Amino acid sequence: PEKAFQYLNESLSMAREIGDSGLSATILNNLGNLFVTQKKHNEALGAYLESMTLAKKSSNELLATRALTNAAMASMQNGQFKDSKARLDRAFDETRKLDPSHDKAYGLINIGLTYYHLRSHLPEKNDLLINSSQVFHEALRVAETIGDLRALSYACGYLGTLSEDQKQFQEAMKWTSRALFAA
């Protein structure tokens, strides 16, 4: 981790020196990922938010939405649950605008999973289960559109999990069978 931190900081300095905001955004997102592995959630959050800003500046909407989703996850891990939900809502809205792609499908799956995990921290927010389901359905549509069977399998599998959690076992079997078939 120390070497990774050193190299990421050196590369970030170089990217800033040459004025490449897109490269800086990518490095900052990776730096945020490193901070998460070290449980430095405040530092991760700062890196992700700066990454998002620079990605937008360089018109890299995919990276901007990924950094925003990562910021939502870091917020949740840092106990900032309402901030996490607000960032997830924004990330979902922004991700929906992207063209269908492998990265969009997996971005949606990450958003859906974060909504799902956030439920236990915001029990007064009944819409989190609905949000999670909507996001997984959107990921399913993207996966079908681009023919990504792995993403399709994940989306169906998570929809099966949601159905099982709601004691809708027939529906859960349907989704789980579809996930297995796609896999």
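Look a little higher up for the structure.
How each quantity is defined
Residues numbered from 1 in each chain as written. Predicted model: local features only at pLDDT ≥ 70, side-chain atom pairs only at ≥ 80, totals over all residues. Heavy atoms only, no water. Salt bridge = Lys/Arg side-chain N within 4 Å of Asp/Glu carboxyl O. Buried < 20%, exposed > 50% of the residue type's maximum accessible area, 1.4 Å probe, protein only. Helix = DSSP H or I, 4+ residues; strand = E, 2+ residues; numbered from the N terminus. Contact = heavy atoms within 4.5 Å.

Asks: Would you explain the pattern of salt bridges in this entry?
Replies: Where charged atoms from two side chains of opposite charge come close, those side chains can pair. In the structure shown here, the tally under the stated rule is 11 salt bridges. A salt bridge links Glu-61 to Lys-56; the shortest N-O distance between them is 3.4 Å. Taking the relative accessible area as the measure of exposure, Glu-61 reaches 31% and is therefore partly exposed. Put simply, Arg-178 and Glu-144 hold a salt bridge, and the shortest N to O gap is 2.2 Å. Of this pair, Arg-178 sits in helix α9 (residues 169–182) while Glu-144 sits in helix α7 (residues 127–146), placing them 34 residues apart in sequence. For Arg-178, a relative accessible area of 31% corresponds to the partly exposed category. When salt bridges that share partners are traced, they join Lys-56, Glu-61, Glu-94 and Lys-97 into one network.

Asks: What am I meant to see in the side chain of Asn-131 here?
Replies: Within the element layout of this structure, Asn-131 appears in helix α7. We classify Asn-131 as buried; its relative accessible area is 11%. In this structure, Asn-131 is in contact with Lys-85, Asp-89 and Tyr-115, ignoring residues within four places of it in sequence.

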